[in-house]
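Residues per chain, in single letters:
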Amino acid sequence: DHRDLHLSIRRQRQMCIRDRYYASVLVEDDVEPPEPTAVVEAQTIGIDVGIEHLFNYSDGRKTENPRFLTQTLPKLKVAQRKLCRKQKESHNRAKQKHAVARLHEKVANQRLDFLHQETSKLADKSHATSFGVEDLNIKGMVRNRKLSRAISDCAWGKFLDILAYKCLRNGKNLLKIGRFVASSKICHHCHSKVDQLPLSIREWQCRCGAINDRDINAACNIKLFALADALGTSVTVKSSPIAKPISVGAMAKGKKLSSYESVEAPPITTSVV
């Protein structure tokens with residue numbers, strides 16, 4: 001009858017909303033990517049990724065972390081609690097499962113759209129021709145239970161993948177440095193290295209008198225090491241002072257500035273070519 005027909009149409013509409021199909025089309029256009037431009041120091045930008053600020057650039061700019069997953073967590077908690085209360089293999093459970101999946105899909109779409117906007121600013125619209133980045137061990141980082149969700153929400157690996165193919169498409173260079181370079185602990189002014197620099201210290205004063213922002217300093221060092229690898233020049237790290245905080249309060253969480261008294265260690269120089 002009319003009622004059964006109406007229920008059938010309604011179920012079909014629900015099924016159409018629930019199921020999504022994607023098609024990938026591969027087309028050969030015989031267009032070769034342009035030749036990469038020469039690496040020039042004045043047109044090179046170092047990029048350091050982080051959690052508080054997602055991208056930190058060697059020219060002093062910072063990009064705030066939008067934290068899409070963190071913003072959606074309250075809704076996700078409510079939706080997942082409702083899902084747990086539904087009877088297994090019931091129609092209501094299937095609908096609630098779809099509602100949870102839609103929230104996760106929205107977060108993924110927001111994150112991907114944001115990364116495309118940021119990489120387009122770098123690879124498509126900026127005058128920079130080379131970008132220095134770190135070769136991150138993201139799989140190892142997410143093993144830290146305290147930071148795994150925050151690191152996954154940043155999507156650093158996806159950012160590097162998108163930036164790589166956009167640089168290839170525009171004839172720009174993506175320069176990767178080793179993952180074991182102590183980019184945060186080295187002063188980019190005098191190249192001195194401190195032995196200890198906890199994550200709670202966001203700004204620190206070198207023995208040369210320079211006050212370094214931890215993230216911007218790391219971005220500047222990434223640029224220096226990337227240029228050294230690409231141009232074959234040498235980056236010398238001076239002897240590391242034995243860093244001793246002047247006060248215990250300087251080690252407290254949230255402290256921005258830590259002043260170090262330097263005790264000279266035996267001279268050790270390393271070169272990166």
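Report on the accompanying structure. Every chain begins its residue count from 1, and numbering advances along the sequence as written. The predicted nature of this model means local features are confined to residues of pLDDT at least 70 and side-chain atom pairs, given and counted, to a pLDDT of 80 or more, with totals for whole chains, interfaces and linings taken over all residues. To get the side-chain values, all heavy atoms of the structure are used, and hydrogens and water are removed first.

### Some details on the overall build of the protein chain
- Helix and strand counts for the protein chain stand at seven helices and eleven strands.
- By definition in these notes, contact holds between two residues if any of their heavy atoms fall within 4.5 Å. The contacts of the protein chain with a sequence gap of at least 6 include a subset with a gap of at least 24, amounting to 68%.
- Accessible surface area values rest on a Shrake-Rupley calculation with a 1.4 Å probe, where residue burial reflects the displayed protein chains alone. Of the roughly 17,500 Å² of accessible surface on the protein chain, a fraction of 53% belongs to carbon and sulfur atoms. Helix and strand assignments come from DSSP, with helices taken as H or I runs of at least 4 residues and strands as E runs of at least 2, each series counted from the N terminus.

### Looking at the pattern of salt bridges
- For salt bridges, the criterion is a side-chain nitrogen of Lys or Arg within 4 Å of an Asp or Glu carboxyl oxygen. Enumeration according to the criterion identifies eight salt bridges in this entry.
- Between D213 and K62 there is a salt bridge; the shortest N-O distance is 3.1 Å. Of this pair, D213 sits in strand 7 (residues 211–213) while K62 sits in strand 3 (residues 62–64), placing them 151 residues apart in sequence.
- Assessed through its relative accessible area of 34%, K62 is described here as partly exposed. Residue burial is assigned from relative accessible area. The probe radius is 1.4 Å, only protein chains are included, and a residue is buried under 20% of its type maximum, exposed over 50%, and partly exposed in between.

### Quick word on the packing of aromatic side chains
- Ring pairs shown here join Phe, Tyr and Trp side chains whose ring centres sit within 6.5 Å, with only the six-membered ring taken for Trp; geometry is labelled stacked below 30 degrees between planes, edge-to-face above 60, and tilted in between. Scanning the entire structure with this criterion turns up two aromatic pairs.
- Between F68 and F114, the aromatic rings sit 6.0 Å apart at their centres with planes inclined by 70 degrees, giving edge-to-face as the arrangement. Here F114 lies in helix 3 (residues 91–123) and F68 lies in helix 2 (residues 68–85), a separation of 46 residues in the sequence.
- Residue F68 is classed as buried on the basis of its relative accessible area, which comes to 14%.

### Some points on the pairing of strand 1 (residues 44–49)
- In terms of residue burial, strand 1 counts as a mostly covered element, since six of its six residues are buried.
- The alternating pattern of strand 1 places T44, G46 and D48 on one face and I45, I47 and V49 on the opposite face, and all of these are buried.
- A strand pair is defined by DSSP finding two or more bridges across the two strands. With three bridges joining them, strand 1 and strand 4 (residues 130–134) adopt parallel strand pairing. Bridge pairing in strand 4 links I45 to F131.
- Pairing analysis gives three bridges linking strand 1 to strand 2 (residues 53–57), with the strands arranged antiparallel.

### Here we look at a positive patch on the surface
- For patch detection, residues must exceed 30% relative accessible area and be free of salt bridges, and they are connected within 9 Å for like charges or within 5 Å for nonpolar side chains (Val, Leu, Ile, Met, Phe, Trp, Tyr). The charged-residue count follows a simple rule in which Lys and Arg add positive charge and Asp and Glu add negative charge, with His and chain termini not counted at all. Lysine's charge is taken at NZ, arginine's at CZ, aspartate's at CG and glutamate's at CD. On the surface, K77, R81, K82, R85, K86, K95 and R149 cluster together to form a positively charged patch.
- For the positive patch, the element with the highest residue contribution is helix 2, accounting for four residues.
- In this structure, K77 sits in helix 2.

### Concerning the packing of helix 3 against helix 6 (residues 156–170)
- The interhelical angle for the contact between helix 3 and helix 6, taken along N-to-C directions, is 40 degrees, at an axis separation of 9 Å. Taken as axis vectors, helix 3 and helix 6 run oblique relative to one another. Crossing of helix 3 against helix 6: the hand is right-handed. In contact with L112, L115, H116, T119, S120, L122 and A123 of helix 3, helix 6 contributes K158, F159, I162, L163, Y165, K166, C167 and N170.
- Put simply, Ala, Val, Leu, Ile, Met, Phe, Trp, Tyr, Cys and Pro go in the nonpolar bin, Asp, Glu, Lys and Arg in the charged bin, and everything else, Gly too, in the polar bin. The class makeup of the residues in the contact of helix 3 with helix 6 is nine nonpolar, four polar and two charged. All axes are obtained by fitting lines to C-alpha atoms, using only the stretch in contact for helices, and the reported angles, taken between N-to-C directions, cover 0 to 180 degrees. For classification purposes, an angle smaller than 35 degrees is called roughly parallel, one larger than 145 roughly antiparallel, one from 65 to 115 roughly perpendicular, and anything else oblique. In a left-handed crossing the near helix is turned counterclockwise from the far helix by less than a right angle, and in a right-handed crossing that turn is clockwise.

### Observations concerning the pairing of strand 2
- Counting buried residues in strand 2 gives five out of five residues, a clear majority hidden from the surface.
- Joining the antiparallel neighbours strand 1 and strand 2 is a turn of three residues.
- With three bridges connecting them, strand 2 and strand 3 associate as antiparallel partners. Pairing of N56 across the sheet is with K62, part of strand 3.
- Hairpin connection between strand 2 and strand 3: a loop of four residues separates the two successive antiparallel strands, and G60 in this loop has a positive phi of roughly 100 degrees.

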